Amino acid sequence: MHRRIRPSVAVVALTATAALLAACGAPAEEQSGPLTFWTPQSTPERVAAQEAVAAQFTDETGIEVDVVPLAAADQDQALVTGAASGEVPDVILAGAAQVTSWQSQGLLDTDVVQEALDTLDPTTFNENALGAVTVQDADTGESTVAAVPSDGWVHLIAYRADLLEEAGVEVPTTVAELAEAATAVKEELDLTGIALGTQSGTASGTEGIESVFQSAGCRLVSDGEVTIDAPECAEAAGLFKELRDSSVAGDYDVESARAAYLAGDAAMLLFSTHILDELADLDEAVPPSCQECGDDPEFLAQNSGFITVLEPPSGTGSGTDSGTADEAARAQFGATLAYAVPARANADEARQYIEYVLGEGYADTLAVATEGRLPLRTGTPENPTEYLDAWGGLGFGPKVESSVAEVYGDELVTAMGEGMSAVSRWGQGTPDATLAGLVATQGTLAQQLDPLYRGTDPAEVTRQMAAEVTALQQDQ
């Protein structure tokens, strides 16, 4: 098992046309060539790393693999085209929303996916991750797992422990406490309390809303009923405005929020796990720029703490669709990648490949982009934390000089596992997933932020959000 070392970088030069032509293998009954694997991890370094894992698989099984980098939008188009012609890849690494959409269209072989999952043992996987790739039939209620979860990232809150102490506030554990702490920092230190995506009508605003609202116990829709106008959602909207108003520099998008924290201009930051290497000065493209960082480039890493999952409001149970009340309400915004097998692919070879990259080759697979690929299979029945522990020992960031455990300690590795266990998206694993996806992609909720910022009552804002979502639902 490789630790702290990634395969050497290979120069990958693919035109879009060549990628699409290579992307589709021959029909299963005619194919005699290598297994074809589509991946959205498409930078030269990441392609080289995945090719190295594929080469190890070939050494083990004798099955050759073509690694084809293909962006999500290109995957969607090419799979539909390939399904019509009978030419499909054998394995696709894709986002949860993609694979559930493909399953709804009848494009996937879910029997082989279930075989692989049974071999690997479903109990070793993150329960929420399995829910994210499960499709529930609206008529029969029957659930089908569309793909095998691999890895993902989660929103976390980085905070300057020194600044919170200076402002006299405790580390927050809920969205309400987070808003209170952010406000206190602004009032006491004249510094942005928390930086997060708040720009009205933008993708960053959409992401910020879902992240904060979910953690506050708000659901967009439940059993087909739009619930974004529920009391807990109105409360979440009020807290979102308070978080936004803690800024001394106006509204942020994702990039400017990160820049504010790296510059020491914000006491807290809502961001993905990709921030880990940047705080530790392990990414030359995005270095820390705070005043103290000139003398000590690791200042932010040494003075930052992390909240990997926010607790739900007391007594709520509205965060996800299963589990007990408070357990169910722990919902942290994030992303899930999973391995899908198209219908008419080479099923046996695909199953072997999935079992390898989620077993013997799992640590090397995660090392393709450690800070953004946290394991959704945390271990084995014999060693339940084997893969989470291995992730903590992998090199991270472009420099790949240190591991997460070395820089931040074993406690953060464990906390990251807890955060990934709470990764959730509105509607996942239910017939409401399609509507939730449309709301996100069309920015429906972020269009209502300006009235909120101008002082409109949060309950009225969420009622208007509900009206817009309902209109979208009726147009489906």
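Attention in this report is confined to the structure presented alongside it. All of these numbers come straight from a predicted model, not from anything done at the bench.

When helices and strands are counted, the chain shows 22 helices and 12 strands. Within the span of the chain, comprising 476 residues, buried residues form 55% of the whole. Taking contacts inside the chain between residues at least 6 apart in sequence as the whole, the part at least 24 apart equals 75%. Accessible surface computed for the chain: about 19000 Å², of which carbon and sulfur atoms make up 46%.

Taking 1.5 Å per residue, 14 residues should reach 20 Å; helix α3 (residues 72–85) reaches 20 Å between its end C-alpha atoms and fits that length. Buried within α3 are the following residues: Q75, A78, L79 and G82. All buried residues of α3 lie within an arc of 105° about the axis, which places them on one face of the element. Those residues of α3 that are exposed and aimed more than 90 degrees away from the buried face are A73, Q77 and A84. Two residues or fewer past α3, G86 is found with a positive phi of approximately 90°.

Before going further, it helps to examine the pattern of salt bridges. In the structure shown here, the tally under the stated rule is 11 salt bridges. Residue D245 pairs with R244 through a salt bridge whose shortest N-O separation is 3.1 Å. For D245, a relative accessible area of 27% translates into the label partly exposed. You can call R244 partly exposed: its relative accessible area is 22%.

For the rest of this paragraph, the subject is the packing of helix α10 (residues 231–245) against helix α22 (residues 458–475). The contact between α10 and α22 brings their axes to 8 Å, and the two run at 115°. The angle between α10 and α22 places the two elements in the roughly perpendicular class. Where α10 crosses over α22, the two elements pack in a sense that is right-handed. Residue-level contacts link C233, A234, A237 and G238 of α10 to P458, A459 and T462 of α22. Of the residues that constitute the contact of α10 with α22, the class distribution is 5 nonpolar, 2 polar and no charged.

Attention shifts here to unusual backbone geometry. Here the phi dihedral of D190 falls at roughly 55°; this positive angle occurs in a residue that is not glycine. Mapped onto the secondary structure, D190 falls in the loop between α8 (175–189) and α9 (203–215). Positive phi, close to 75°, is recorded for R344, a residue that is not glycine. Position of R344 relative to the elements: it lies in the loop between β11 (334–340) and α15 (347–357).

With that out of the way, let us pick up the packing of aromatic side chains. Within the structure shown, the criterion is met by 9 aromatic pairs. A centroid spacing of 6.0 Å and a plane angle of 50° characterise the contact between W153 and F333, whose relative ring orientation is tilted. One end of the pair, W153, is in strand β6 (residues 148–160); the other, F333, is in the loop between α14 (325–329) and β11, with 180 residues separating them in the sequence. Relative to Y408, the ring of F306 lies with its centre 5.2 Å away and its plane at 90°, an arrangement referred to as edge-to-face. One end of the pair, F306, is in strand β10 (residues 304–307); the other, Y408, is in helix α18 (residues 404–408), with 102 residues separating them in the sequence. Here the two residues F306 and Y408 agree in accessibility, since each one is buried.

Further remarks concern the pairing of β10. Burial along β10 is two-sided: S304 and F306 facing one way and G305 and I307 facing the other are all buried. Sheet analysis places β6 next to β10, joined by 4 bridges and oriented antiparallel. Counted as the bridge partner of Y159 is G305 from β10.

What follows concerns a negative patch on the surface. A cluster of acidic side chains, namely E177, E180, E187, E188 and E242, defines a negative patch on the protein surface. The leading source of residues in the negative patch is α8, at 4 residues. One can find E242 in helix α10. A residue is classified by how much of its surface remains accessible, and E242, at 31% relative accessible area, is partly exposed.

On to the state of the cysteines, then. Scanning the model with the defined rule gives 2 disulfides in all. Between the sulfur atoms of C218 and its disulfide partner C233 the distance amounts to 2.0 Å. In this structure the cystine formed by C218 and C233 twists about its S-S bond by roughly 95°; its chirality is therefore right-handed. Within this pair, whereas C218 is found in the loop between α9 and β7 (221–222), its partner C233 is found in helix α10, the two being separated by 15 residues in sequence.

What counts as what
Residues numbered from 1 in each chain as written. Predicted model: local features only at pLDDT ≥ 70, side-chain atom pairs only at ≥ 80, totals over all residues. Heavy atoms only, no water. Helix = DSSP H or I, 4+ residues; strand = E, 2+ residues; numbered from the N terminus. Buried < 20%, exposed > 50% of the residue type's maximum accessible area, 1.4 Å probe, protein only. Contact = heavy atoms within 4.5 Å. Areas by Shrake-Rupley, 256 points an atom, 1.4 Å probe, with all protein chains shown as cover. Expected span 1.5 Å × (residues − 1). Arc of directions from axis to C-beta. Salt bridge = Lys/Arg side-chain N within 4 Å of Asp/Glu carboxyl O. Axes fitted to C-alpha atoms, helices over the stretch in contact; angles between N-to-C directions. Parallel < 35°, antiparallel > 145°, perpendicular 65-115°, else oblique. Left-handed = near helix turned anticlockwise from the far one by under 90°. Nonpolar A, V, L, I, M, F, W, Y, C, P; charged D, E, K, R; others polar. Phe/Tyr/Trp six-rings, centres within 6.5 Å; stacked < 30°, edge-to-face > 60°. Pairing = 2+ DSSP bridges. Patch = residues over 30% accessible without salt bridge, like charges linked within 9 Å, V, L, I, M, F, W, Y side chains within 5 Å. Lys, Arg positive; Asp, Glu negative; His and termini not counted. Charge placed at Lys NZ, Arg CZ, Asp CG, Glu CD. Disulfide = S-S within 2.5 Å.

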